[in-house]
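Understanding the architecture of this molecule
Okay, here's what each chain looks like letter by letter:
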Amino acid sequence: MDWKILHIEETDSTNQWVKAHLDELRQEGRPLCVTTDYQTAGRGCGTNRWESERGKNLLFSLLVSPNGIRANKQFRISMAISLAICKALGQHLGYLTIKWPNDIYWRDGKIGGILIENTLQGNSVRDSIIGVGLNVNQREFRSNAPNPVSMWQISEQETDRDALLRDILTTFEDFLGRYNKESYTAMLYRRHGFFPYADKDGAFMAEIVDVEDDGHLLLMDDNGRERRYAFKEVTFIN
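Residues numbered from 1 in each chain as written. Predicted model: local features only at pLDDT ≥ 70, side-chain atom pairs only at ≥ 80, totals over all residues. Heavy atoms only, no water.

1. Focus: the pattern of salt bridges
Enumeration according to the criterion identifies 19 salt bridges in this entry. Between Asp-103 and Lys-110 there is a salt bridge, with its nearest N and O atoms 3.4 Å apart. Residue class for Lys-110 comes out partly exposed when judged on its relative accessible area of 22%. Residues joined in a network through salt bridges with shared partners are Asp-23, Arg-26, Arg-126 and Asp-127. (Salt bridge = Lys/Arg side-chain N within 4 Å of Asp/Glu carboxyl O. Buried < 20%, exposed > 50% of the residue type's maximum accessible area, 1.4 Å probe, protein only.)

2. Some words on helix H5 (residues 161-176)
Here H5 spans 22 Å end to end across 16 residues, near enough to the 22 Å set by a 1.5 Å rise per residue. Looking at H5, one finds that the buried residues are Leu-164, Leu-165, Ile-168, Leu-169, Thr-171, Phe-172, Phe-175 and Leu-176. Buried-residue contacts for H5 involve strand E1 (4-11), strand E2 (32-39), strand E3 (58-64), helix H3 (75-93), strand E7 (124-134) and helix H4 (151-155). Backbone nitrogen of Asp-162 and a side-chain oxygen of the N-cap are separated by 3.0 Å at the start of H5; the cap is Asp-160. (Helix = DSSP H or I, 4+ residues; strand = E, 2+ residues; numbered from the N terminus. Expected span 1.5 Å × (residues − 1). Contact = heavy atoms within 4.5 Å. Polar contact = N/O pair within 3.5 Å; in protein donor to acceptor, adjacent residues only side chain to side chain.)

3. A word on the sheet that holds strand E8 (residues 195-199)
Taking strand neighbours across the sheet as the criterion, the 5 strands line up as E11-E10-E9-E8-E12 in an open arrangement whose pairing is antiparallel. The sheet terminates laterally at strand E11 (226-229) and strand E12 (235-236), the two strands that pair on one side only. (Pairing = 2+ DSSP bridges.)

4. Observations concerning the packing of aromatic side chains
Tallying each qualifying case throughout the model produces 7 aromatic pairs. When the ring of Trp-100 is compared with that of Phe-231, the centres are 6.2 Å apart and the planes differ by 80 degrees; the resulting orientation is edge-to-face. With a gap of 131 residues between them, Trp-100 in the loop between strand E4 (97-99) and strand E5 (103-106) and Phe-231 in the loop between E11 and E12 connect regions that are remote in the sequence. A relative accessible area of 40% places Phe-231 in the partly exposed class. Geometrically, the ring pair formed by Tyr-197 and Phe-236 is tilted, given 5.1 Å between the ring centres and 50 degrees between the ring planes. Highlighted residues: Tyr-197 in strand E8 and Phe-236 in strand E12, separated in sequence by 39 residues. Assigned by exposure class, Tyr-197 and Phe-236 land together as buried. Taken together, the aromatic side chains of Tyr-105, Tyr-189, Tyr-197, Phe-204, Tyr-229 and Phe-236 make up a single cluster linked through ring pairs. Directly above the ring of Tyr-38 sits Arg-54, whose terminal nitrogen or CZ lies 4.3 Å from the centroid. (Phe/Tyr/Trp six-rings, centres within 6.5 Å; stacked < 30°, edge-to-face > 60°. Lys NZ or Arg CZ within 6 Å of the ring centre and 35° of its normal.)

5. Observations regarding the state of the cysteines
Tallied over the entire structure, the rule returns 0 disulfides. With no disulfide of its own, Cys-33 lies closest to Cys-86 among cysteine sulfurs, the gap being 18 Å. Residue classification places Cys-33 among the buried positions, given a relative accessible area of 0%. Exposure remark for Cys-86: the relative accessible area of 5% places this residue in the buried category. (Disulfide = S-S within 2.5 Å.)

6. So, unusual backbone geometry
Cis geometry is found at the peptide bond from Trp-100 to Pro-101, where omega equals 5 degrees. In this structure, Pro-101 sits in the loop between E4 and E5. A positive phi angle, close to 55 degrees, is found at Glu-156, a residue other than glycine. The topology assignment puts Glu-156 in the loop between H4 and H5. On the basis of relative accessibility, which here comes to 61%, the residue Glu-156 falls in the exposed class.

7. A few points about the environment of Ser-150
By the element assignment, Ser-150 lies in the loop between E7 and H4. Ser-150 gets classed as buried once you look at its relative accessible area, which sits at 0%. Through-space distance from the C-alpha of Ser-150 to that of Arg-107 is 12 Å; in sequence the pair is 43 residues apart. There is a polar contact of 2.6 Å between the side chain of Ser-150 and the backbone oxygen of Gln-138.

8. Observations concerning the pairing of E3
The element E3 is extensively covered by neighbouring structure, given that 7 of its 7 residues are classed as buried. The two faces of E3 match: Leu-58, Phe-60, Leu-62 and Val-64 on one face and Leu-59, Ser-61 and Leu-63 on the other face are all buried. As paired elements, E2 and E3 share 5 bridges and run antiparallel to each other. Looking at E3, one finds that Leu-32 is bridged to Leu-63. Here E3 pairs with E7 via 7 bridges, running antiparallel. Along E7, the bridge assignment pairs Leu-63 with Ile-129.

Keep in mind that these numbers describe shape and distance, not what the molecule does.
And the structure:
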């Protein structure tokens, strides 16, 4: 891909910046990566906030127009960016996992989050805005987030954020061009064994069976009952 890379010192969020300039960016016809040193309103999914010390981490959004991805298969984009980040970070940290649907974990600590906003045209994905926050060189976290961890806390070494971004972009191109469900499923956090979960009816023990092509999570509880969930319908209990 012929990436256009823009750097903004500060913005509310890179996803919001892309959405505000979407019409003109579409006219350029190039995939875009917007990075920033600081977000005043960085967020995860729903009402979650993303804590990031100025100039320490990797905060960026991608704008891509994925050819041939149908609306009911848009989870392929989530799989591709999750695997790309795990591969790029794995060169520095070793094995990482993906907490369904797309949080990046090192052991039981969250090192990255992804927020994807797709625009559909007919039965296909027209645009995908992929917001990423990665904890890179931050040494201390002060929010009430339960389990953040950074690359520096793991390795006690500074990481070149620009080089890491280039690795992610290159790897993402590769993963986006192929079907990755087997690789994605193999890297899921808590992939094997029974663990506690909770849904609207309460807590239960279950193991992961599969993730469907459309992103639904399939669990088997300890009573042998299969349970199927969309995003936000079930939570992991730590």
